[in-house]
Amino acid sequence: QVQLVESGGGLVQTGDSLRLSCAASGRTFSINTMGWFRQAPGKERDFVAAISRSGDSSSYSDSVKGRFTISRDNAKNTLTLQMTSLKPGDTAVYYCAARSGTALPTTRGYYDHWGQGTQVTVSS
């Protein structure tokens, strides 16, 4: 089994930056692609970004491209999401996800493991 624990959420103002982290434990050798999703109140859980095991490939949603950066440190089993130029529309619970496959899907159903989420609130 794989456990994922997010941290780093909080309340920030428009234009601020925030760094989210996800610590993986358990059968981490089985993890390939990792990603971030987010869910705003009353909305679906949407794709934010994903990264391959090597870090050579990454993918972003159009809404965050150019503002967010996903990275990972396999030696420390951590995934990071650096968020800049935050907007009120970025307010959501952010979830870390992992899968054993090597593709970078944008659909939540393709991910095998999920964290509990961390709240990010951006005030105007």
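The sections below set out a description of the structure shown in this document.

Scoring rules and cut-offs
- Residues numbered from 1 in each chain as written.
- Predicted model: local features only at pLDDT ≥ 70, side-chain atom pairs only at ≥ 80, totals over all residues.
- Heavy atoms only, no water.
- Helix = DSSP H or I, 4+ residues; strand = E, 2+ residues; numbered from the N terminus.
- Rg over C-alpha atoms; globule rule 2.2 N^0.38 Å.
- Buried < 20%, exposed > 50% of the residue type's maximum accessible area, 1.4 Å probe, protein only.
- Contact = heavy atoms within 4.5 Å.
- Areas by Shrake-Rupley, 256 points an atom, 1.4 Å probe, with all protein chains shown as cover.
- Lys, Arg positive; Asp, Glu negative; His and termini not counted.
- Charge placed at Lys NZ, Arg CZ, Asp CG, Glu CD.
- Pairing = 2+ DSSP bridges.
- Axes fitted to C-alpha atoms, helices over the stretch in contact; angles between N-to-C directions.
- Core = buried A, V, L, I, M, F, W, Y, C linked by side-chain atoms within 4.5 Å.
- Disulfide = S-S within 2.5 Å.
- Salt bridge = Lys/Arg side-chain N within 4 Å of Asp/Glu carboxyl O.

### Quick look at the overall build of the protein chain
The helix and strand tally for the protein chain stands at zero helices and eleven strands. What you see in the protein chain, going N to C, is helices and strands ordered as β-β-β-β-β-β-β-β-β-β-β. The C-alpha radius of gyration computed for the protein chain amounts to 13 Å, which stays within 12% of the reference 14 Å derived for 124 residues, consistent with globular compactness. Viewed in the frame of its principal axes, the protein chain has a C-alpha envelope of about 40 × 30 × 25 Å. Counting over 124 residues, the protein chain shows a buried share of 40%. Restricting to contacts in the protein chain with at least 6 residues of sequence separation, those with at least 24 account for 58%. As displayed, the protein chain has an accessible area near 6300 Å², and 45% of this comes from carbon and sulfur atoms. Placing the 13 positive and 9 negative side-chain charges of the protein chain at their respective mean positions leaves the two points 2 Å apart.

### Some details on the sheet that holds strand E3 (residues 18–26)
Pairing in this open sheet of four strands is antiparallel, and the strands run E1-E3-E8-E7 from one edge to the other. Here the strands that pair on one side only, and so sit at the sheet edges, are strand E1 (2–7) and strand E7 (68–73). Pairwise comparison of adjacent strand axes, ignoring direction, gives a mean angle of 15 degrees for this sheet. Direction of pairing for E7 relative to strand E8 (residues 78–83): antiparallel, over a ladder of six bridges. Across the sheet, Ile-70 pairs through a bridge with Leu-81, a residue of E8.

### Description of the nonpolar core
With 27 residues, the main nonpolar core has Met-34, Trp-36, Leu-81, Met-83 and Tyr-94 as its most contacted residues. Mapped by element, the contributors of at least two residues to this core are E1, E3, strand E4 (34–39), strand E5 (45–51), E7, E8, strand E9 (92–98) and strand E11 (118–123). Ranked by size, the runner-up nonpolar core spans five residues in total, among them Phe-37, Ala-50, Ala-97 and Tyr-111.

### Notes on the environment of Asp-46
Residue placement: Asp-46 occurs in strand E5. Taking C-alpha positions, Asp-46 is 16 Å from Leu-20, a pair spaced 26 residues apart along the chain. With sequence-adjacent residues up to four places away left out, Asp-46 is seen in contact with Trp-36, Phe-37 and Arg-38.

### What to know about the side chain of Ser-52
In this fold, Ser-52 is placed in the loop between E5 and strand E6 (58–60). Looking at Ser-52, the relative accessible area reads 10%, which means it is buried. The contacts of Ser-52, once residues within four sequence positions are left out, are Asn-32, Thr-33, Ser-57, Arg-72 and Leu-104.

### Digging into the state of the cysteines
Within the structure shown, the criterion is met by one disulfide. Through a disulfide, Cys-22 is tied to Cys-96; the S-S separation comes to 2.1 Å. Between Cys-22 and Cys-96, the S-S dihedral sits near -75 degrees, and the bridge is therefore left-handed. Of this pair, Cys-22 sits in strand E3 while Cys-96 sits in strand E9, and the two are 74 residues apart along the sequence. Classification of Cys-22 as buried rests on a relative accessible area of 1%.

### Remarks on the pattern of salt bridges
In this structure the tally under the stated criterion is three salt bridges. Between Asp-90 and Arg-38 there is a salt bridge; the shortest N-O distance is 2.9 Å. Of this pair, Asp-90 sits in the loop between E8 and E9 while Arg-38 sits in strand E4, and the two are 52 residues apart along the sequence. When its relative accessible area of 2% is taken as the criterion, Asp-90 is described as buried.

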